[in-house]
Amino acid sequence: MGHGYDIHRLAGGRPLMIGGVRVPAEQGAVGHSDADVLLHAIVDAILGALKAGDIGRHYPDTDPAWRGADSTRFAQETAARARDAGWKLVNLDATVLLERPKLAGHIPDIERTVAECLDVVTDRVNVKAATNEGLDAVGEGRAIACHAVVLLARRHR
Ligand code: MG
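All of these numbers come straight from a predicted model, not from anything done at the bench. (Residues numbered from 1 in each chain as written. Predicted model: local features only at pLDDT ≥ 70, side-chain atom pairs only at ≥ 80, totals over all residues. Heavy atoms only, no water.)

Participant: Explain the side chain of Asp 6 here, please?
Facilitator: With respect to the helices, strands and loops of the structure, Asp 6 is situated in strand E1 (residues 2–12). Look at Asp 6: it is buried, it has no salt bridge, and the nearest opposite charge is Arg 14 at 11 Å. For Asp 6, the side chain forms a polar contact with the side chain of His 40, separated by 3.1 Å. Ignoring any residue separated from it by four or fewer positions in sequence, one finds Asp 6 in contact with Val 37, His 40, Ala 41, Ile 144, Ala 145 and Cys 146. (Helix = DSSP H or I, 4+ residues; strand = E, 2+ residues; numbered from the N terminus. Buried < 20%, exposed > 50% of the residue type's maximum accessible area, 1.4 Å probe, protein only. Lys, Arg positive; Asp, Glu negative; His and termini not counted. Salt bridge = Lys/Arg side-chain N within 4 Å of Asp/Glu carboxyl O. Polar contact = N/O pair within 3.5 Å; in protein donor to acceptor, adjacent residues only side chain to side chain. Contact = heavy atoms within 4.5 Å.)

Below is the structure:
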């Protein structure tokens, strides 16, 4: 099993990418890549389960190659790394913390896109959304954060 966490500041004039889906919003996430917190947390969770370090090691934000990068690529490559090492994804659960907009209507799209990135059926991917009840930077609408956990299993013994 592996756990991932990510947080990005929010600012105007940026797209809000969540799980590879562009969510209409007044503010988007600020980052070196497309700042997709959900995909970043998922990548970290998979890398953690593989004992393969973290996203910063594989896709350093000091590398110009990743400026504005589409994070679906990070997720696809990381899922492929797990498969190549003989693992399959049993399931994934994630919670996106965002004060606004409400994400409920986007969850099916997000789950489908994440599952496609990871090359698994949608039934294995669960994404939840919550606010931070007005508390701290997320609650004040200044940041978006995400927690993710994944379970991997050996493909054959
Ligand atoms: Mg990130």
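Anyway, onward from the coordinates.
Participant: Where do I start with the coordination of the magnesium ion in this structure?
Facilitator: When a metal carries six donors in an octahedron, the ideal angles between them are 90 or 180 degrees, while four donors in a tetrahedron ideally lie at 109.5 degrees. Distances from the magnesium ion to its protein donors, Asp 6 (OD), His 8 (NE2) and His 40 (ND1), fall within 2.2 Å. Positions of the donor residues of the magnesium ion, expressed as sequence spacing, correspond to D-x1-H-x31-H. When its relative accessible area of 15% is taken as the criterion, Asp 6 is described as buried. The exposure class assigned to His 8 is buried, which follows from its relative accessible area of 13%. (Donors = N, O, S within 2.8 Å, 3.2 Å for Na, K, Ca; no water.)

Participant: Is there a simple way to explain the packing of aromatic side chains in this structure?
Facilitator: Note on aromatic pairs: each is described by the distance of the centres and the angle between the planes. Following the criterion strictly, the structure yields three aromatic pairs and no others. With a centroid separation of 5.0 Å and 80° between ring planes, the pair formed by Tyr 59 and Trp 66 is classed as edge-to-face. The interplanar angle of 85° and the centroid separation of 5.4 Å between the aromatic rings of Trp 66 and Phe 74 together place this pair among those described as edge-to-face. The exposure class assigned to Trp 66 is buried, which follows from its relative accessible area of 12%. A relative accessible area of 3% places Phe 74 in the buried class. In textbook terms, an aromatic cluster arises when at least three aromatic residues are bridged by ring pairs, as seen for Tyr 59, Trp 66 and Phe 74. (Phe/Tyr/Trp six-rings, centres within 6.5 Å; stacked < 30°, edge-to-face > 60°.)

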